[in-house]
Amino acid sequence: MVPLSVVIITKNEAALIEDCIKRVRLITDDIVVIDNDSTDGTPLIASSYGCRVFQKNWDGYGANKNKGIAQARYNWILSIDADEVPDLKLIESLHNLNFDKPNVVYDIKFKSYFGKKLIRFGNWGNDHHLRLFNRSLVKWGETEVHETLLLPPDAEVTSIAGHIHHHSVTDIEDFKRKATHYAQLSAAKYYKAGKKATFIKLYFSPAFGFLRNYIIRLGFLDGAEGLAIARVIYKNTRLKYLYLKQYKDLPQKQTTYRKDLIIEQV
């Protein structure tokens, strides 16, 4: 086994987590699951495969990942989600690492799927993330969404062979629901950072995002799925700035949104 702990945060991931855990068990004997009140049997599935499951309140993606890091047995952490599955090449690479330099942070390539279709182009086609690190020097930033790792000044970022296969969305409706949710979280994050929903952000940023994803990064080569991804990314960008614009009219710390502001109507 590799001397690292795998940390997974969950809420109602019963449909996906089994495939993830089966692969992760080829890497380590320490799998930590931080669950947020799942009602679909996720904790039972994880426990049945030998994972250590902890029920924790939801304080944000980065915060709950840090809770998992605190429970890990090893200092080296592989952080993944329940809908992500390491391939055999990545598992082999992990078994061959020395883990002798705690300031090294590993960048892992992703393969993302729309339903069962592998997306090869657009924003999803060249995806990679920092996911393997030593907790003695690195932790997650605790923002509402799109959390990033806080790295030391002497961090050395290096890539590793293999991929994580990300089963991002099951269909277009699932994608729209997730996009709306992330738009709300992004608006809250931007508001706290003092950002404003300017005319350019509301109208030009969504259009540029569509152009970059669908044309410049060749998303059109993924067919109908490529167009669906580009359209929802456009709507997500527009929606998060519409939500942000609402904040100026809301009492401080209130985070409700107009129910008619749904992604289909943007």
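A short tour of the structure in this document, coming up. For clarity, every value in this text was computed on a predicted model and none was experimentally measured. (Residues numbered from 1 in each chain as written. Predicted model: local features only at pLDDT ≥ 70, side-chain atom pairs only at ≥ 80, totals over all residues. Heavy atoms only, no water.)

**So, the overall build of the protein**
And then number 1: Helix and strand counts for the protein stand at seven helices and 11 strands.
And then number 2: Its C-alpha atoms give the protein a radius of gyration of 19 Å, near enough to 18 Å, the size a compact globule of 266 residues would have.
And then number 3: Expressed as a percentage of the 266 residues in the protein, the buried residues total 48%.
And then number 4: Contacts in the protein between residues far apart in sequence, at least 24 positions, make up 73% of those at least 6 positions apart. (Helix = DSSP H or I, 4+ residues; strand = E, 2+ residues; numbered from the N terminus. Rg over C-alpha atoms; globule rule 2.2 N^0.38 Å. Buried < 20%, exposed > 50% of the residue type's maximum accessible area, 1.4 Å probe, protein only. Contact = heavy atoms within 4.5 Å.)

**Regarding the pattern of salt bridges**
And then number 1: Here the structure, examined in full by the defined rule, presents 12 salt bridges.
And then number 2: Here lysine 67 makes a salt bridge to aspartate 59, at a shortest N to O gap of 2.6 Å.
And then number 3: Each member of the salt-bridge network shares a partner with another, and the members are Asp30, Arg52 and Arg73. (Salt bridge = Lys/Arg side-chain N within 4 Å of Asp/Glu carboxyl O.)

**A look at empty space enclosed by the protein**
Space left empty within the atom packing is revealed by a probe, the size of a water molecule, rolled over the atoms.
And then number 1: In total, this model carries one cavity of 30 Å³ or more according to the counting rule given.
And then number 2: If you trace the largest cavity, you find it lined by Ile119, Phe121, Gly122, Asn123, Trp124, Asn213, Gly219, Asp222, Gly226 and Ile229.
And then number 3: Of the residues in the lining of the largest cavity, the class split is four nonpolar, five polar and one charged. (1 Å grid on protein atoms, 1.4 Å probe; cavity = no way out; pocket = protein on both sides within 12 Å on 5 of 7 lines; lining within 4 Å. Points joined across faces, edges and corners; volume = space filled by probe spheres on them. Nonpolar A, V, L, I, M, F, W, Y, C, P; charged D, E, K, R; others polar.)

**Focus on the side chain of serine 93**
And then number 1: On the secondary structure map, serine 93 appears in helix H4 (residues 88-95).
And then number 2: The exposure class assigned to serine 93 is buried, which follows from its relative accessible area of 12%.
And then number 3: Every residue in contact with serine 93, bar those within four places of it in the chain, is listed here: Ile160 and Ala161.

**What about the nonpolar core?**
And then number 1: Leu4, Val6, Ile8, Leu78, Ile80, Leu94 and Leu132 are the most contacted members of the largest nonpolar core, which totals 29 residues.
And then number 2: At the level of secondary structure, the elements contributing two or more residues to this core comprise strand E1 (5-10), helix H1 (17-24), strand E2 (31-35), strand E4 (76-81), H4, strand E6 (104-114) and strand E11 (156-169).
And then number 3: Residue contacts for isoleucine 8: discarding those within four places in its chain leaves Cys20, Ile31, Val32, Val33, Ile34, Ile80, Asp81 and Ala82.
And then number 4: One finds Val32, Ile77, Phe133 and Leu149 within the second-largest nonpolar core, a separate group that totals 15 residues. (Core = buried A, V, L, I, M, F, W, Y, C linked by side-chain atoms within 4.5 Å.)

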